[in-house]
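Here is what each chain is made of, one letter per residue.
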Amino acid sequence: MSREAASLAPHCQTLRLGAIATQFLSLAEEASQQNYSHLHYLEALLQAEVEDRQRRSIELRLRDAHLPRMKTLEEFDFAQSPHIPASRIRALAEGGYLQRSEPVLLVGEPGTGKTHLATALAIAACRQRRRVRFTTAAALVNQLVEAQREQGLSRMLARWSRVELIVIDELGYVPLAEVAAELLFQVIAERAEKAAIIVTTNLPFSEWPQVFTNARLCKAVLDRLTDQAHIIETGSESYRFRRTLRKKRKE
């Protein structure tokens, strides 16, 4: 490395230009070989830095989202679930519902792809550099109850309110105690017309009183979640079960 090149490294470190620090030499050689102008070379350097920062920003969003696993929309087999509207799901992945602060409800039996689709939409939002958080209904309720017990509920609710997309998975698998249901309602109500939320549930709306046993509270939750919502029914036939059967037939 030349003395001039060596002197650039500390400046890049001070300015936190990591991509430029690692690529300025190779790009300079390319610029010399191709007889690029100084402005062309500068543009290439800045483009490398922008792309690197975007990549790292997306990686950070994905880590902060606490996704259970990486499952993208490209991996979902719509051919095996023709009743699920692929065009609507792909349109949601473009992010318009995030801008309009609209809920997305994925309703269907276990194994029908609800969590995969919710995760895929969360990943798409992370790629748009949105603040995303994935949680199960049980885990969220436990956090809220614990925060209330330790007199930190206001701080907890404030943290959740700053998230641009919350995914609440597995709502409806277990009934909620009234206090827990009220705390969950606070999170949901706070987001109404302010920020997006995705909820997956195995229960049709008529059976939600099994989860929210207070009739008035149940009505209020449904009112907040279904207003201007995108409701996707994933069906009753387990995709996972069919996949297992296919594997067994091949053995």
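The following refers to the structure shown.

Reading the values: rules and limits
Residues numbered from 1 in each chain as written. Predicted model: local features only at pLDDT ≥ 70, side-chain atom pairs only at ≥ 80, totals over all residues. Heavy atoms only, no water. Core = buried A, V, L, I, M, F, W, Y, C linked by side-chain atoms within 4.5 Å. Buried < 20%, exposed > 50% of the residue type's maximum accessible area, 1.4 Å probe, protein only. Helix = DSSP H or I, 4+ residues; strand = E, 2+ residues; numbered from the N terminus. Contact = heavy atoms within 4.5 Å. Polar contact = N/O pair within 3.5 Å; in protein donor to acceptor, adjacent residues only side chain to side chain. Axes fitted to C-alpha atoms, helices over the stretch in contact; angles between N-to-C directions. Parallel < 35°, antiparallel > 145°, perpendicular 65-115°, else oblique. Left-handed = near helix turned anticlockwise from the far one by under 90°. Pairing = 2+ DSSP bridges.

Time to look at the nonpolar core. In this structure, Leu184, Trp208 and Phe212 are the most contacted members of the largest nonpolar core, which totals 34 residues. Where this core is concerned, the elements lending two or more residues are strand S1 (103-108), helix H7 (137-149), helix H8 (153-161), strand S3 (165-171), helix H9 (178-191), strand S4 (196-201) and helix H10 (215-226). A total of seven residues in this core trace back to one element, the largest contributor, which is H9. With near-sequence residues (within four places) excluded, leucine 184 lies in contact with Leu140, Val141, Leu144, Ile168, Leu171, Leu176 and Phe212. Ile58, Val104, Ala118 and Leu121 belong to the second largest nonpolar core, which has 32 residues in total.

Its place among the elements puts threonine 112 in the loop between S1 and helix H6 (114-127). At 2.6 Å, the side chain of threonine 112 forms a polar contact with the backbone oxygen of glutamate 109. Side chain to side chain, threonine 112 and threonine 234 meet in a polar contact 2.7 Å long.

Where H9 contacts H10, the two axes come as close as 10 Å, and the packing angle between them is 25°. Overall, the two elements H9 and H10 adopt an arrangement that is roughly parallel. Handedness of the crossing formed by H9 with H10: left-handed. Here Ala181, Glu182, Phe185, Ile188 and Ala189 of H9 come into contact with H10, specifically with Leu217, Ala220, Val221, Arg224 and Leu225.

Reading across the sheet, the five strands line up as S2-S3-S4-S1-S5 and stay open at both edges, with parallel pairing between neighbours. At either end of the open sheet lies a strand with only one pairing partner, and these are strand S2 (132-136) and strand S5 (230-235). The mean angle between the axes of side-by-side strands here comes to 15°, regardless of whether they run parallel or antiparallel. Pairing between S1 and S4: five bridges, direction parallel. Of the residues in S4, the one forming a bridge with leucine 106 is threonine 200.

As far as function goes, none of this settles anything; it's purely spatial.
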